[in-house]
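# An overview of the molecular structure
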Amino acid sequence: MVTIYSTTHCPYCKMAKDYFTQHNVEYKDINVEQDDAAAADMIKKSGQMGVPVIDIDGTIIVGFDRGSIDEILHLQ
Amino acid sequence: MFDLIILGGGPAAIGAGVYAARKRMKTLLLTKEFGGQSVDSAMIENFIGHNSISGVEFARVLEAQLRLQEDIEIKVGVTVEALEQQGDLWRVTDSKKNQYEARAVLVAIGSRYKRLNVPGEKQYEGKGVFFCSLCDAPLMKNKKAAVIGGGNAGLEAVVDLLPYATEIHLLVRGELKGDPIYQERIFKEEKVHVHRSVTVSRFAGSEFMEKVYYSALGSDEEQFVEAQGAFVEIGQMPNTELFEKTLTLSDSKHIVVDPRTMQTSAQGVWAAGDITDISYKQINTSIGDGIKAVLNIYETLQKNL
């Protein structure tokens, strides 16, 4: 299960979502700009406030770190 | 063994990659990601040939055009860990400990956000200290924020924060240098407080950052503003730490190049884009410089066959 916590205009959030789509990875997009509870959840999970935060089956990645995403999802 | 290894995935590197492939040079391109810092632009309106293109779309277009080329090997998601001379060749080690050798290397790994290097900055990165206002300003909803830097990037950060933060403190070392169009915009807002001729001394808090300490230039007396987020927008620094021993760097730590050829001080190593000491850092000119470098590399390798 892949969840991405994002904000509306964040370029790295968009790049990450495009990357998932391109590789047929299903993901749930949570916009923390519109959802305060989700923002709190994201901060609790990642220990910080920056977006994007990507949760892949409980592994938390802060930022669009393509290397880590590839490794966990066995892409490329 | 490669003819050429290109380090980077921004405009300079992609311009170089496309030309190298068309010259049928055996080329490897290593990059963490595509687009370079242009990704941070909400909209690029001065890229010649496009009236307007978002930074993310621009990165996608660059990657797509590079991948259209046949004779180029591309590794994404890696960074460079070492560049060493091995006789007539250069050896590159990446972050996955893979090693590659080539007759020529083009360094185009650009620059990153400059840090203040004050206490608390590293500790609170992501926990109140931010560098991408476009990304993280929305997290300041109903919170107090600070912006450090009075250039265009600083003023843009203030504008990004306007819809969210309740109070915005802009801390600048001298006077505001950003474009009048931004200055007019922020001076209209009561919640924006400009602190001129100040220097930030530290960030403090508990788990998250809570206060930004500063003092007037020439004074040791510390004052503070309360802020849950501080956006540091004081410019860029080149990613040259790795090359301090191998290449000649300028006082500002940019790689010194011959602007006619883009050759560095080390034979077999070229550089292009924001990492170089070239004047005017622009997407359009970076692409040109990457291409110029590759054409010179091609000529040089042909001569030394």
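The name an unreviewed UniProt entry gives chain B is FAD/NAD(P)-binding domain-containing protein.

Taking an unreviewed UniProt entry as the reference, chain A is identified by name as NrdH-redoxin.

### Thoughts on the nonpolar core
Residue and element names in this part refer to chain B. One finds Ala 16, Val 105, Leu 106, Val 107 and Ala 108 to be the most contacted residues of the largest nonpolar core, which totals 106 residues. Looking at which element gives the most residues to this core, the answer is helix α1 (residues 11-22), with 8 residues. Both of domain 1 (2-113 + 236-303) and domain 2 (129-232) provide at least three residues apiece to this core. Once residues within four sequence positions are removed from consideration, Val 105 is found in contact with Ile 5, Leu 7, Leu 83, Trp 90, Val 92, Gly 268 and Val 269.

### Quick word on the packing of helix α1 (residues 11-22) of chain A against helix α2 (residues 55-67) of chain B
The contact between α1 of chain A and α2 of chain B brings their axes to 9 Å, and the two run at 45 degrees. In terms of orientation, α1 of chain A and α2 of chain B fall into the oblique class. Crossing geometry of α1 of chain A relative to α2 of chain B is assigned as right-handed. For the pair formed by α1 of chain A and α2 of chain B, the contact residues are Pro 11, Lys 14 and Met 15 of chain A on the first element and Gly 55, Val 56 and Ala 59 of chain B on the second. Taken together, the residues of the contact of α1 of chain A with α2 of chain B break down into 4 nonpolar, 1 polar and 1 charged.

### A closer look at unusual backbone geometry
With an omega of -5 degrees, the peptide bond running from Val 51 of chain A to Pro 52 of chain A counts as cis. Among the structural elements, Pro 52 of chain A can be located in the loop between α2 (36-46) and β3 (53-56). At Asn 142 of chain B, a position not held by glycine, the phi torsion is positive, near 60 degrees. If you check the backbone angles, Ser 197 of chain B has positive phi at about 55 degrees while not being a glycine. Note on placement: Ser 197 of chain B falls in the loop between β11 (192-195) and β12 (198-205).

### Quick word on the UniProt feature "domain: FAD/NAD(P)-binding" (unreviewed entry) in chain B
With numbering matched to this structure, UniProt assigns "domain: FAD/NAD(P)-binding" (unreviewed entry) to residues 2-290 of chain B. Here residues 2-290 of chain B is 19% helix and 30% strand, with 18 Å between the C-alpha atoms at its ends.

### Quick look at the pairing of β3 of chain A
Residues and elements named next belong to chain A. When strand β1 (residues 2-6) meets β3, the two strands line up antiparallel, connected through 4 bridges. Note on β3: the bridge partner recorded for Ile 4 is Ile 54. Between β3 and the antiparallel strand that follows it, strand β4 (residues 59-62), lie 2 residues; Asp 57 among them carries a positive phi value of about 50 degrees.

### Some remarks on the packing of α1 of chain B against α2 of chain B
All names here are of chain B. At their nearest, the axes of α1 and α2 sit 9 Å apart, and the two run at 20 degrees to each other. It follows that α1 is roughly parallel to α2 by the angle criterion. As α1 runs across α2, the sense of the crossing is left-handed. For the pair formed by α1 and α2, the contact residues are Pro 11, Ile 14, Gly 17 and Val 18 on the first element and Leu 62, Gln 65 and Leu 66 on the second.

### Side note on the pairing of β11 of chain B
Residues and elements named next belong to chain B. For strand β10 (residues 167-171) and β11, the ladder comprises 4 bridges, and the chain directions are parallel. Paired with Leu 170 across the strands is Val 194, a residue of β11. In this fold, β10 hands off to helix α5 (residues 180-187), which returns the chain to β11; that crossover is right-handed.

### Looking at the environment of Gly 290 of chain B
Residues and elements named next belong to chain B. Turning to its location among the elements, Gly 290 is positioned in helix α6 (residues 283-303). For the pair Gly 290 and His 50, spaced 240 residues apart in sequence, the C-alpha separation works out to 20 Å. Excluding anything up to four places from it in sequence, Gly 290 contacts Pro 11, Ala 12, Ala 13, Gly 15, Ala 16, Ala 108, Ala 272 and Gly 273.

### Let's talk about the environment of Tyr 19 of chain A
In this structure, Tyr 19 of chain A sits in helix α1. When the C-alpha positions of Tyr 19 of chain A and Thr 59 of chain A are compared, they lie 18 Å apart, and in sequence the two are 40 residues distant.

### Details of the interface of chain B and chain A
Taken together, the contact pairs 18 residues of chain B with 18 residues of chain A. Taken together, the elements giving at least two residues each to the side of chain B that touches chain A come down to α2 and α3 (133-136) of chain B.

### Side note on the sheet that holds β11 of chain B
Taken in spatial order, the 5 strands of this open sheet run β8-β15-β9-β10-β11 (chain B), and their pairing is parallel. Every other strand in the sheet has two partners, leaving β8 (129-130) and β11 of chain B as the edge strands with one partner each.

### As for the sheet that holds strand β14 (residues 222-226) of chain B
Neighbouring strands of a sheet are bound in pairs by backbone hydrogen bonds; such pairs are parallel or else antiparallel. Residue and element names in this part refer to chain B. Within the open sheet, the 3 strands sit side by side as β12-β13-β14. Their pairing is antiparallel. The two strands at the open ends of the sheet, each matched to only one other strand, are β12 and β14. Neighbouring strand axes in the sheet, compared pairwise and without regard to direction, differ in orientation by 30 degrees on average. Inspection of the sheet shows β12 paired to strand β13 (residues 209-216) by 7 bridges, in the antiparallel sense. Bridge assignment links Arg 202 to a residue of β13, and that residue is Tyr 213.

Reading the values: the criteria
- Residues numbered from 1 in each chain as written.
- Chains lettered and ligands numbered in written order.
- Predicted model: local features only at pLDDT ≥ 70, side-chain atom pairs only at ≥ 80, totals over all residues.
- Core = buried A, V, L, I, M, F, W, Y, C linked by C-beta atoms within 7 Å.
- Buried ≥ 20, exposed ≤ 12 C-beta atoms within 10 Å, placed from the backbone.
- Helix = DSSP H or I, 4+ residues; strand = E, 2+ residues; numbered from the N terminus.
- Domains from an automatic or database assignment.
- Contact = placed C-beta atoms within 7 Å.
- Axes fitted to C-alpha atoms, helices over the stretch in contact; angles between N-to-C directions.
- Parallel < 35°, antiparallel > 145°, perpendicular 65-115°, else oblique.
- Left-handed = near helix turned anticlockwise from the far one by under 90°.
- Nonpolar A, V, L, I, M, F, W, Y, C, P; charged D, E, K, R; others polar.
- UniProt positions renumbered as here; feature names shortened; annotations may be inferred.
- Pairing = 2+ DSSP bridges.
- Right-handed = clockwise from strand over helix to strand, strands pointing away.

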